[in-house]
Amino acid sequence: MDDLLKLDQAHVWHPYGPMPGTQEPLLVESAEGVRLRLADGRELIDGMSSWWAAIHGYRHPVLDEAVRAQVGRMSHVMFGGLTHEPAIRLAARLVELTRMDHVFLCDSGSVSVEVAIKMCLQYWRSQGRPEKRRLLTWRGGYHGDTFNPMSVCDPDGGMHALWRGVLPEQVFADAPPVSLETSYVQHLSDLIEEHASELAAVIVEPVVQGAGGMRFHDPRYLHVLRELCLTHDVLLVFDEIATGFGRTGELFGMDHAGISPDVLCVGKALTGGYMTMAAALCTSRVADGISRGEVPVLAHGPTFMGNPLAAAVSLASIELLLSQDWQCEVRRIEQGLHAGLAPARELPGVADVRVLGAIGVVQLDHQVDMARATKAAVDAGVWLRPFRDLIYTMPPYVSTDDDVAAICQAVIAAAS
Ligand SMILES: *Cc1c(COP(=O)(O)O)cnc(C)c1O
């Protein structure tokens, strides 16, 4: 075990880490249900769902079987000129659930945002309006780590100062307030009107801003954006990579407002956390616009596009979710988080405690000491990954009331 960790430290990059690594990661041997089993024998309840993804927990028999069955047929074939049942059925299911028309399958969330942006820019090029190539978003967002998604991440959190001259310069509105404020609606309206002639699209995370700051906002802002985009001839992109598949209490964040964008990104929980796959979906209007252009194709085609293993497990994960009263489970977890995190309000240094769906957030009034907070949670038997001033959890939907209570106690231990 020490050998492995030495090799890890010497050679393996970890997310947002230096090289060689300075913080020793925990070595995970296996995982089942909501529990990670460490190489040293300890067990931790996973309060992170492996970054929003493992909504059904680990080694779910239905998902394991879907992967096994697909391995027995084929693990992968190229998607250019070939197609297969798992990808077709997955795309059809996604279209049905999202009210979109067309699906582009890709390898990761960041790539799906790249594809979404390419769709929007190419749509306007095809209309003979290539000057419409900038994006507008609100501050506090997160859309991935490749360069175009980075350009619409929060400018501070996304380290835009470091990348000046490299990142495309986008238009930023202030971060959305929690509740509906007419002055903020006016701010959005003014900004979109002012930049309409150069804007290809507005891109936002609906209802919950994830890794950009774990902030929630009134779903009526989505109506406002939908109206403004229609009025000013700007496309609307929703990034549901974190919010999709029930996390906020509705199947998608946009369902809180009952509206649809022109382009939609999904990822993370799409595969139930089994492997990497994401999708960019669009309406017929966008697809027709692109396909009637001078270059009548969407020039994108990842090597592992439509991977059959990932498509098969995605389909199984969606069917598993919809086969149960998932909304009731998410509401149960929401209540558990409300009750369990309430005492955090009394702690010194805590600025805010908020819960929406199966998401619980404790925000401090200072930067969290990541190593100490993580250790406090691990000592309480729970895996958490705090960042900036945030200690937060999004448990797997299969977490029991006792699991949720244990997670809340660990959040409080970490905050203390
Ligand atoms: C995680 C995330 C992404 C990036 O997805 P990756 O699979 O990590 O590339 C994009 N947008 C949102 C909202 C996310 O939460």
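Higher on the page you've got the structure.
Because the structure is a prediction, the values reported are computed rather than measured.

### Points about the overall build of the protein chain
For the protein chain, the count of helices and strands is 13 helices and 16 strands. Taking all 416 residues of the protein chain together, 53% fall into the buried category. Once local pairs closer than 6 in sequence are excluded, the contacts in the protein chain between residues at least 24 apart make up 70%. Accessible area for the protein chain stands at about 18100 Å²; split by element, carbon and sulfur atoms hold 54% of it. Once the 33 positive and 51 negative side-chain charges of the protein chain are each reduced to a mean point, those two points are 2 Å apart.

### Some points on the pairing of strand E13 (residues 350-356)
Buried residues dominate E13, accounting for five of its seven residues. Pairing between E13 and strand E14 (residues 359-364): six bridges, direction antiparallel. What sits directly across from leucine 356, in E14, is isoleucine 359.

### What to know about the site of the ligand
Taken together, the neighbourhood of the ligand is formed by Ser108, Gly109, Ser110, Tyr142, His143, Gly144, Glu205, Asp239, Ile241, Ala242 and Lys268. Within the side chain of serine 110, an N or O atom sits 2.6 Å from an oxygen atom of the ligand. Between lysine 268 and the ligand, the recorded distance is 2.6 Å, taken from a side-chain N or O atom to an oxygen atom. Surface burial for the ligand is 83%, taken as the share of its 380 Å² of free accessible area covered by protein chains. Residues of the shell around the ligand, tallied by class, amount to three nonpolar, five polar and three charged.

### A few points about unusual backbone geometry
A cis amide bond links methionine 19 to the next residue, proline 20, at an omega of -5°. When you line up the elements, proline 20 lands in the loop between helix H1 (2-11) and strand E1 (28-32). A positive phi is found at lysine 268, a non-glycine position, where the angle reads about 35°. Mapping lysine 268 onto the fold places it in the loop between strand E11 (263-266) and strand E12 (278-282).

### Topic: the nonpolar core
Formed by 88 residues in total, the largest nonpolar core has its most connected members in Val202, Phe245 and Val362. No other element matches the eight residues that helix H13 (residues 401-415) contributes to this core. Composition of this core by domain shows at least three residues from each of domain 1 (1-59 + 325-415) and domain 2 (74-323). Excluding residues within four positions of it along the chain, phenylalanine 245 makes contact with Ile55, Leu94, Leu251, Phe252, Val266, Gly267, Ala269, Leu270, Ile318, Leu321 and Tyr397.

### Re the pairing of strand E10 (residues 235-239)
Buried residues dominate E10, accounting for five of its five residues. By the alternation rule, side chains of E10 split into Leu235, Val237 and Asp239 and Leu236 and Phe238, which are all buried. Note that strand E7 (residues 199-204) and E10 share four bridges and pair parallel. When the sheet's bridge partners are listed, alanine 201 is paired in E10 with leucine 235. Pairing geometry for E10 and E11, over three bridges, is parallel. Counterpart to aspartate 239 in the pairing with E11 is cysteine 265.

### Quick notes on the environment of phenylalanine 216
Secondary-structure assignment places phenylalanine 216 in strand E9 (residues 215-216). On the basis of relative accessibility, which here comes to 12%, the residue phenylalanine 216 falls in the buried class. For the pair phenylalanine 216 and threonine 248, spaced 32 residues apart in the sequence, the C-alpha separation amounts to 10.0 Å. If we ignore the near neighbours within four places in the chain, the residues touching phenylalanine 216 are Pro177, Val178, Val207, Val208, Arg354, Val355, Leu356, Ile359 and Val361.

Basis of the calculations
Residue numbers here run from 1 along each chain, matching the order of that chain's written sequence. Only residues with pLDDT of at least 70 are given local features in this predicted model, and only at 80 or more are side-chain atom pairs given and counted; all residues enter the totals for whole chains, interfaces and linings. Excluded from the side-chain calculations are hydrogens and water; all other atoms, namely the structure's heavy atoms, are used. Only DSSP runs of H or I covering at least 4 residues are called helices, and only runs of E covering at least 2 are called strands; the numbering of each starts at the N terminus. We call a residue buried when its accessible area falls under 20% of the maximum for its residue type, exposed when it is over 50%, and partly exposed in between, using a 1.4 Å probe and counting protein chains only. Contacts are residue-level and defined by heavy atoms, with any inter-residue pair within 4.5 Å sufficient. Areas reported as accessible are Shrake-Rupley estimates using a 1.4 Å probe. Residue values count occlusion only from the protein chains shown. Neither His nor the chain ends is counted toward charge; the positive residues are Lys and Arg and the negative residues Asp and Glu. The atoms used to mark charge sites are NZ of Lys, CZ of Arg, CG of Asp and CD of Glu. Note on pairing: DSSP must find at least two bridges between two strands before they are called paired. One heavy atom within 4 Å of a molecule or strand is enough for the residue carrying it to be called near that molecule or strand. Polar contact criterion, stated in full: a pair of N or O atoms within 3.5 Å, where within protein one must be able to donate a hydrogen and the other to accept it, and residues adjacent in sequence count only if both atoms are side-chain atoms. Residues are sorted three ways: Asp, Glu, Lys and Arg are charged, Ala, Val, Leu, Ile, Met, Phe, Trp, Tyr, Cys and Pro are nonpolar, and all the rest, Gly among them, are polar. For our purposes a nonpolar core is just a set of buried Ala, Val, Leu, Ile, Met, Phe, Trp, Tyr and Cys residues, chained together by side-chain atoms within 4.5 Å. All the domain ranges listed were derived from an automatic or database domain assignment.

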